[in-house]
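# Chains, contacts and geometry: an overview
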Amino acid sequence: MSDTKKTIPLREGLWTDKGHDGTPHLLGHRCLNCGEVFFPQKENGTCTNCHSTKLELIELSRKGKVFAFSVVMLRPPGGYYRGDVPYALANVELPEGIVVEGLVTDINQDDIKVGMEMELTIDKLHDDDEGNTLMTYKFRPSAA
Amino acid sequence: MKKMREVVVAGVGITKFDSYDGEKGRPVREFYDLGSEAIQKALDDAGMEWKDIQAAFCGSVYCGTGSGHQAIQKVGLTGIPIVNIENACSSGISALRLAYQMVGAEIYDCVIAAGFEQMPRGPIQSTAWPVWQRQMGFNVQPADYAMKTVRYMEETGATEEDFARVSVKNRKNGALNPNARMQKPVTIEEVLSSRMIAKPLRFLNACPLADGGTAVIVCSRDKLKSQNKVVTVAAAALVTGIYGSPRIPGEDHVTKSANEAFEMAGLGPEDMDVVQAYDTMSPGELWDLEKLGFCKKGEAPRLLREGHFDLSGKLPVNTDGGLMSRGHPLGATALAQVIEIYRQIRGEAGPRQVADAKAGLAHAMGAGPNSGVIILKR
Ligand SMILES: [Zn+2]
């Protein structure tokens, strides 16, 4: 392809497009000492709970439940977020015992409820200044 | 914590909180003007002169390098140590805690804590979030509060009407406070029909921004110019975040700060006659009262409905209108909380005076996270 425009992840290391089951998974760290799980990966390689440096890279579960959410009606300061307003954010609790914040897509924003089953999806965030498409992780209602 | 000598409040000063931006006929005032006005007022209140002050701790968030030096040089240049403190919304209480410890530990006899702010014009940069999170739109403070509110509703059954009642109570109290930015009461209907900012929070659930200055002078008892109606600093606590997750429930830093303060003071929640809880967003006041130990989790909405937290109630809360009425100059807010408790205990709160207030608690918390608690008593 001669097209120089690329599809690039918002940030390396947040997820893998092809996990053990061939589908996308968020990437986190599990502490081998205390068992605590972190997302995103701990850049400093240290467990915040027990301070151990023995961490293993893990794929997080694709599905979780809405722990809390909001529909944001104003544009965030700084111009970093370039998507639509209003937009929905949710804290999704994964079976690993952690809560992950993310954008919510593929749903009527008025229908989001605490406890609702969500699943991971990799979706477009926005085009950057060079015309590349930035991709990010989002949550959408789980397909049962 | 080591036993220290008694520390008393010598005097306090506060400016009117307002938007000093030159718009709509409002004057332009810089942070150092607001800070120095508050400091001068505190000196007058204490019957002291600047040369009586041996050290200064100054809280601000957006005022830049040497902000305390700039405010103080308008009052005096005596070579004393001045230390500037940026601890987000707890900056003022962080400054007062250090002043209290310096006097308590007998390093100095008379120290001033100041807090002031001129809020940035235009959007505030949210450096507390990494860039990738800002790109995903996480950097909206009301959205964080909204998610906490959703959890609180889920766990306690509290309603949007309960949150509106906090705004109504505080704005009613604020109408009696000439220093407050907002002095017009609001109704439940007005709150519930104000525009949504981050579901379920609306415009009138949020405190407005403001600029302002505050100052509190503390000293040893022998340095007081008058022994009339002496107010003692019974406790000053500051606690930061404690690790927790759904798997490992960590101790709540607000509860810990209150527990530490009550232990220091040798008093309990039942001994407090007036409370300044933290109401940047109106639901926050409810869970704050619960976390500080004034009632059990989920009880605050019912107590509010029953008038428990009204000016005439059993435990008046945010008698000066709180952040909701005063507005929120970040570096000045925490000491404004303390100054109201001082006024109430002195019996100087005018039309919003609580009958026979002997002890009270002031709370400030926010980014960091930080949670600062001051207890004053007669
Ligand atoms: Zn660990």
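Residues numbered from 1 in each chain as written. Chains lettered and ligands numbered in written order. Predicted model: local features only at pLDDT ≥ 70, side-chain atom pairs only at ≥ 80, totals over all residues. Heavy atoms only, no water.

### Focus: the packing of helix α5 (residues 141–156) of chain B against helix α9 (residues 282–291) of chain B
Residues and elements named next belong to chain B. Closest axis-to-axis distance for the α5/α9 pair is 10 Å, and the angle between their directions is 60°. When the axes of α5 and α9 are compared, the pair comes out oblique. The two elements α5 and α9 cross, and the hand of that crossing is left-handed. Between α5 and α9, the contacting residues are Tyr 145, Lys 148, Thr 149 and Tyr 152 on the first element and Pro 283, Leu 286, Trp 287 and Glu 290 on the second. Of the residues assigned to the contact of α5 with α9, the class counts are five nonpolar, one polar and two charged. (Axes fitted to C-alpha atoms, helices over the stretch in contact; angles between N-to-C directions. Helix = DSSP H or I, 4+ residues; strand = E, 2+ residues; numbered from the N terminus. Parallel < 35°, antiparallel > 145°, perpendicular 65-115°, else oblique. Left-handed = near helix turned anticlockwise from the far one by under 90°. Contact = heavy atoms within 4.5 Å. Nonpolar A, V, L, I, M, F, W, Y, C, P; charged D, E, K, R; others polar.)

### Concerning the sheet that holds strand β3 (residues 82–85) of chain B
Residues and elements named next belong to chain B. Strand order in the open sheet formed by nine strands is β3-β2-β4-β7-β1-β8-β11-β10-β9, with mixed pairing between adjacent strands. Two strands bound the open sheet, and with one partner strand each, they are β3 and β9 (274–276). When strand polarity is set aside, the average angle formed by the axes of neighbouring strands in this sheet is 20°. Pairing of strand β2 (residues 55–59) with strand β4 (residues 110–117), which is carried by five bridges, proceeds in the parallel orientation. In the strand pairing of β4, Cys 58 is matched with Ala 114. Of the strands in this sheet, β1 (8–14), β4 and β7 (212–219) are in contact with helix α1 (residues 31–46), which crosses β1 at around 140°. (Pairing = 2+ DSSP bridges.)

### So, the side chain of Glu 101 of chain A
Position of Glu 101 of chain A relative to the elements: it lies in strand β8 (residues 98–104). One buried charge, Glu 101 of chain A, has no salt-bridge partner; the nearest side chain with opposite charge is Lys 148 of chain B, at 9.8 Å. Setting aside its immediate chain neighbours within four residues, Glu 101 of chain A contacts Leu 89, Ala 90, Asn 91, Tyr 137 and Phe 139 of chain A together with Phe 138 and Met 147 of chain B. (Buried < 20%, exposed > 50% of the residue type's maximum accessible area, 1.4 Å probe, protein only. Lys, Arg positive; Asp, Glu negative; His and termini not counted. Salt bridge = Lys/Arg side-chain N within 4 Å of Asp/Glu carboxyl O.)

### Considering unusual backbone geometry
All names here are of chain A. The linkage connecting Phe 39 with the following residue, Pro 40, adopts the cis geometry, with an omega of -10°. For Pro 40, the location among the structural elements is in the loop between β4 (37–38) and β5 (55–59). Along the chain, Val 85 connects to Pro 86 via a cis peptide bond; the corresponding omega equals 0°. At Asp 106, a position not held by glycine, the phi torsion is positive, near 60°. By relative accessible area, Asp 106 is classed as exposed at 55%.

### Here's the deal with the interface of chain B and chain A
Taken residue by residue, the interface counts 28 residues in chain B and 43 residues in chain A. Between chain B and chain A lies a buried interface of about 3,100 Å² when both sides are counted; carbon and sulfur atoms form 64% of it. If you sort the residues of chain B by the area they bury against chain A, Trp 132, Met 136 and Met 147 of chain B come out on top, with a joint share of 22%. Close ionic contact of Lys 199 of chain B with Asp 110 of chain A constitutes a salt bridge, the shortest N to O distance being 3.7 Å. In this assembly, chain B and chain A are joined by twelve residue pairs in polar contact (both at pLDDT 80 or more). Broken down by secondary-structure element, the contributors of at least two residues to the side of chain B that touches chain A are α4 (131–135), α5 and β5 (196–198) of chain B. Take the side of chain B that touches chain A: its biggest share by element is six residues, from α5 of chain B. Here the side of chain B that touches chain A is composed, by residue class, of 17 nonpolar, six polar and five charged. (Buried area = accessible area lost by both parts, 1.4 Å probe. Polar contact = N/O pair within 3.5 Å; in protein donor to acceptor, adjacent residues only side chain to side chain.)

### Brief notes about the pattern of salt bridges
It is possible for side chains bearing opposite charge to pair when their charged atoms get close. Residues and elements named next belong to chain B. Evaluated as defined, the whole model comprises 32 salt bridges over all chains. The partner of Asp 18 in a salt bridge is Arg 181, and the shortest N-O contact between them spans 3.9 Å. A residue pair is termed long-range when its members are at least 10 positions apart, and Asp 18 in the loop between β1 and α1 and Arg 181 in the loop between α6 (160–174) and α7 (188–193) qualify at 163 residues. Between Glu 260 and Lys 256 there is a salt bridge, with its nearest N and O atoms 2.9 Å apart. Here Glu 260 and its partner Lys 256 are both found in helix α8 (residues 253–265), four residues apart, which amounts to about one turn of the helix. A residue is classified by how much of its surface remains accessible, and Glu 260, at 26% relative accessible area, is partly exposed. Connected via shared salt-bridge partners are Glu 161, Asp 162, Arg 165 and Arg 305.

### Observations concerning the domain arrangement of chain A
Residues and elements named next belong to chain A. Its domain assignment divides chain A into domain 1 (24–60) and domain 2 (62–144). For domain 1 and domain 2, the distance between their C-alpha centroids amounts to 22 Å. Each partner contributes residues to the interface: domain 1 has eight residues there, and domain 2 has nine residues. Here domain 1 and domain 2 share an interface that buries about 820 Å² over both sides, 76% of which is from carbon and sulfur atoms. Three residues stand out in domain 1 for area buried against domain 2, namely Pro 24, Leu 26 and Leu 60, and they jointly supply 58% of the buried area on that side. Applying the counting criterion to the domain 1 and domain 2 interface returns one residue pair in polar contact (both at pLDDT 80 or more). Its residues assigned to classes, the side of domain 1 that touches domain 2 shows six nonpolar, one polar and one charged. (Domains from an automatic or database assignment.)

### Structural notes on the coordination of the zinc ion
Residues and elements named next belong to chain A. The protein atoms that coordinate the zinc ion are Cys 31 (SG), Cys 34 (SG), Cys 47 (SG) and Cys 50 (SG), at distances spanning 2.3 Å. One way to put it: the four donor atoms around the zinc ion meet at angles of 102 to 115°, and that makes the site tetrahedral. Counting residues between consecutive donors of the zinc ion along the chain gives the motif C-x2-C-x12-C-x2-C. (Donors = N, O, S within 2.8 Å, 3.2 Å for Na, K, Ca; no water. Tetrahedral: all angles 85-135°; square planar, octahedral: opposite > 155°, others 65-115°.)

### A word on the environment of Thr 121 of chain A
All names here are of chain A. Locating Thr 121 in the fold gives a position in strand β9 (residues 117–127). According to the relative accessible area criterion, Thr 121 is buried, its value standing at 11%. Placed 89 residues apart in sequence, Thr 121 and Leu 32 show a C-alpha to C-alpha distance of 28 Å. Excluding its chain neighbours within four sequence positions, the residues that come into contact with Thr 121 are Thr 105, Thr 136, Tyr 137, Lys 138, Phe 139 and Arg 140. At a separation of 3.3 Å, a polar atom in the side chain of Thr 121 contacts the side chain of Arg 140.

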